[in-house]
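# Architecture and fold: a report
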Amino acid sequence: MYSWDDVAERVEVVYGRARGTRDSRFGRFVRLKNCGGGAGPLFAAVAAVDYLYWRYLEWVEPGGGIDAAPEYVPDGEREGKRG
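Each residue is numbered by its place in its chain's sequence as written, counting from 1. Whole-chain, interface and lining totals are the exception, using all residues; otherwise, since this is a predicted model, local features are given only for residues with pLDDT of at least 70 and side-chain atom pairs are given and counted only at 80 or more. For side-chain calculations, the full set of non-hydrogen atoms in the structure is used, while hydrogens and water are omitted.

## A look at a nonpolar patch on the surface
Worth spelling out the cut-off: Each patch is built from salt-bridge-free residues with over 30% relative accessible area, joining like charges within 9 Å and nonpolar side chains (Val, Leu, Ile, Met, Phe, Trp, Tyr) within 5 Å. Under the convention used here, a 1.4 Å probe and the Shrake-Rupley method define accessible areas, while residue burial counts only the protein chains that appear. Each reported salt bridge corresponds to a side-chain nitrogen of Lys or Arg within 4 Å of a carboxyl oxygen of Asp or Glu. Each helix is a run of DSSP H or I of at least 4 residues and each strand a run of E of at least 2, with the numbering of both proceeding from the N terminus. Here's how the labels work: a residue is buried when its accessible area is under 20% of the maximum for its type, exposed when over 50%, partly exposed in between, all with a 1.4 Å probe on protein chains only.
A cluster of nonpolar side chains, Tyr-53, Tyr-56, Leu-57, Trp-59 and Val-60, forms an exposed patch at the surface whose accessible area comes to about 590 Å². Checked against the element boundaries, Val-60 lands in helix H3 (residues 39–60). Owing to a relative accessible area of 45%, Val-60 belongs among the partly exposed residues under this scheme.

Have a look at this one:
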């Protein structure tokens, strides 16, 4: 039987494994490349372009110079009031 509790437990397990994994950038590219004969190299190429784009954006506008977004509070929940 399909259960959201079961889905939530599985997601927690997967996220816990992903968070606990320490991998180098090169290791990630190797893993992506090994995802298949055609798709793997494509995944690795997209990841490489994405990384280069991120480095370019960091060079143009460093992340340290950008203000953090304020915490989002939905309307009606300010100051302990609920709608």
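Moving on, there is more to tell.
## Here we look at the environment of Val-46
Mapped onto the elements of the fold, Val-46 is located in helix H3. Spatially, the C-alpha atoms of Val-46 and Leu-32 are 9.9 Å apart, while their sequence positions differ by 14 residues.

## Some points on the pattern of salt bridges
All chains considered together, the criterion is met by one salt bridge. Note that Asp-6 and Arg-10 form a salt bridge whose closest N and O atoms lie 3.3 Å from each other. With a gap of four residues between them, Asp-6 and Arg-10 both fall in helix H1 (residues 4–20), about one helical turn apart. Asp-6 sits in the partly exposed class, given a relative accessible area of 32%.

## Notes on the environment of Arg-28
Position of Arg-28 relative to the elements: it lies in helix H2 (residues 25–33). Considering only alpha carbons, one finds Arg-28 and Asp-5, 23 residues apart in sequence, at a separation of 31 Å.

## Here we look at the packing of H2 against H3
For clarity, the threshold we go by: Angles run from 0 to 180 degrees between N-to-C directions of axes, and those axes are lines fitted to C-alpha atoms, restricted for helices to the stretch in contact. Any two residues whose heavy atoms approach within 4.5 Å at even a single point are treated as in contact. For this classification, the nonpolar set comprises Ala, Val, Leu, Ile, Met, Phe, Trp, Tyr, Cys and Pro, the charged set comprises Asp, Glu, Lys and Arg, and every other residue, Gly included, is treated as polar.
Across the interface, H2 lies against H3 with an axial gap of 7 Å and an inter-helix angle of 150 degrees. Taking contact as the criterion, the partners of Arg-25, Phe-29, Leu-32 and Lys-33 in H2 are, on H3, Gly-40, Pro-41, Phe-43, Ala-44, Ala-47, Ala-48 and Tyr-51. Its residues assigned to classes, the contact of H2 with H3 comprises eight nonpolar, one polar and two charged.

## Some thoughts on the packing of aromatic side chains
Stated precisely, the cut-off is as follows: Side-chain rings of Phe, Tyr and Trp (the six-membered ring for Trp) are treated as a pair once their centres are within 6.5 Å; stacked means planes under 30 degrees apart, edge-to-face means over 60, and tilted covers the remaining angles.
One pass over the full model with this rule turns up three aromatic pairs. Considering the side-chain rings of Tyr-2 and Trp-4, the 5.5 Å spacing of their centres and the 80 degrees angle between planes classify their relative orientation as edge-to-face. When its relative accessible area of 64% is taken as the criterion, Trp-4 is described as exposed. Summarising the aromatic geometry, the rings of Tyr-51 and Trp-54 are spaced 5.7 Å apart at their centres and angled 50 degrees between planes, so their arrangement reads as tilted. Placement of the pair is Tyr-51 and Trp-54 together in helix H3, with a separation of three residues, close to one helical turn.

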